[in-house]
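Chains, contacts and geometry: an overview
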Amino acid sequence: MTIGLLVLASIAIITLDYRGQAHGVISGAKRGAHDAFSPLQRGVDDIARPVGRFLSGAVHGGDLEAQNAKLRREIGALQRQTLITQSTRNSLRALQRLNQLRWVGATPTVTAQVTALSPSDFAATIELDKGSTSGVAVGMPVVGGAGLVGQVTLVWSSGCTVRLVTDVDSSVGVRFGSGGNLALVQGSGLGRNLAVNLIAPGTTLHKGEVLTTSGLQHAQYPQDIPVASVSSFSSTPSATQETVSARPFADLDVLQYVDVLQWQPSP
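Residues numbered from 1 in each chain as written. Predicted model: local features only at pLDDT ≥ 70, side-chain atom pairs only at ≥ 80, totals over all residues. Heavy atoms only, no water.

**Overview of the overall build of the protein**
Of regular secondary structure, the protein possesses two helices and twelve strands. Helices (α) and strands (β) of the protein occur, in sequence order from the N terminus, as α-α-β-β-β-β-β-β-β-β-β-β-β-β. Of all 267 residues assigned to the protein, the portion counted as buried reaches 30%. (Helix = DSSP H or I, 4+ residues; strand = E, 2+ residues; numbered from the N terminus. Buried < 20%, exposed > 50% of the residue type's maximum accessible area, 1.4 Å probe, protein only.)

See below:
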């Protein structure tokens, strides 16, 4: 009965509104209802909207995580590609520098890649990926970058060990100055400057003085290979020689490729 009365009342109100009767009263009721319920509707929306977003995020969270993982993989791949490209450029520059070593002359060379660095400060050595099968032998000089790197001390079929000029057991006879003064460059340890000995007190020196291999008879290296440049020098009245320090020309900390000179000292 209640439902029937409500339906009849609704039909009566619709009929009166359609015919224009009581239009003002109904419109006023509509406006009142709208004014009354609008704040309530906004409050319900404010509560329901975050809940909806939360439920939507919960439903689609797996997809978003998958997309984020895909983006992270793509960014990682781009970063690796950038590093590989930079490494390739550095390798090409190192090889180009080897091709520009004019002082090598007609001496045959074996280009090798550095595969291992010295494991300690006591032995300044590197290992190369070329050995006896490529024509490398003990005693051969090794050059790279701008000058002398060291000398081959151990060889096997597919690789070799090179003693760097900074090794404490390394000594290189050098020549410098317009008068062809002679001296001996000795290693002081990995990462340290070279010590230059046998320079008489009062010998003319200047910072940046170039020291090259002397190439004397029975020398361990051919002549005119740049070894180091003078970085400092001093002497005392009672000294028997100048105290000279020199920096290697070859950047031994970042070696990638080197040339092994197929040269042996004369017996």
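Here the narrative resumes.
**A closer look at the side chain of Gln151**
Within the element layout of this structure, Gln151 appears in strand S4 (residues 147-156). At 3.1 Å, the side chain of Gln151 forms a polar contact with the backbone oxygen of Gly139. Polar side-chain contacts of Gln151 include one of 3.0 Å to the side chain of Gln220. Among all residues touching Gln151, those that are not within four sequence positions of it are Gly139, Met140, Thr161, Val162, Arg163, Gln220 and Tyr221. (Polar contact = N/O pair within 3.5 Å; in protein donor to acceptor, adjacent residues only side chain to side chain. Contact = heavy atoms within 4.5 Å.)

**Let's talk about the nonpolar core**
With 40 residues, the main nonpolar core has Leu128, Val149 and Leu211 as its most contacted residues. Setting aside residues no more than four positions away along its own chain, Val149 makes contact with Ile126, Val142, Val143, Gly144, Arg163, Leu164, Val165, Ala250, Leu252, Leu255 and Val258. (Core = buried A, V, L, I, M, F, W, Y, C linked by side-chain atoms within 4.5 Å.)

**Some thoughts on the environment of Thr109**
Tracing the sequence through the fold places Thr109 in strand S1 (residues 109-117). With 33 residues separating them in the primary sequence, Thr109 and Val142 have C-alpha atoms 9.2 Å apart.

**Considering the environment of Thr212**
Residue placement: Thr212 occurs in strand S9 (residues 210-213). Thr212 sits 30 residues away from Leu182 along the chain, and the two C-alpha atoms are 9.7 Å apart. Sequence-distant contacts of Thr212, defined by excluding residues within four places in its chain, comprise Gly173, Val174, Arg175, Asp224, Ile225, Pro226 and Val227.

**Quick notes on the sheet that holds strand S5 (residues 159-164)**
The sheet built from six strands closes into a barrel, its strands ordered S1-S2-S5-S4-S3-S12 with antiparallel pairing. Here the average twist between neighbouring strands, direction ignored, is 45°. When S4 meets S5, the two strands line up antiparallel, connected through six bridges. Each residue of the ladder has a partner; that of Gly150, found in S5, is Leu164. (Pairing = 2+ DSSP bridges. Axes fitted to C-alpha atoms, helices over the stretch in contact; angles between N-to-C directions.)

**Considering the environment of Thr111**
Relative to the helices and strands, Thr111 is located in strand S1. With relative accessibility at 35%, the residue Thr111 sits in the partly exposed group. Along the chain, Thr111 and Asp129 lie 18 residues apart, while their C-alpha atoms are 9.4 Å from each other. Separated by 2.7 Å, the side chains of Thr111 and Asp259 make a polar contact.

**A few points about the pairing of S9**
Pairing between strand S6 (residues 171-176) and S9: two bridges, direction antiparallel. Along S9, the bridge assignment pairs Val174 with Thr213. Pairing between S9 and strand S10 (residues 226-234): three bridges, direction antiparallel. Paired with Val210 across the two strands is Ser229, which belongs to S10.

**Digging into the pairing of strand S11 (residues 243-248)**
Across three bridges, strand S8 (residues 194-197) lies against S11 in antiparallel orientation. Bridge pairing links Leu194 to Ala246 in S11. Two elements, S10 and S11, share six bridges in a ladder whose sense is antiparallel. Bridge pairing in S11 links Ala228 to Pro248.

**Here's the deal with the sheet that holds S8**
With respect to topology, six strands assemble into a closed barrel ordered S6-S7-S8-S11-S10-S9, the strand pairing being antiparallel. Neighbour-to-neighbour, the strand axes of this sheet turn through a mean angle of 40°, independent of strand direction.

All we've got here are geometric facts, nothing functional implied.
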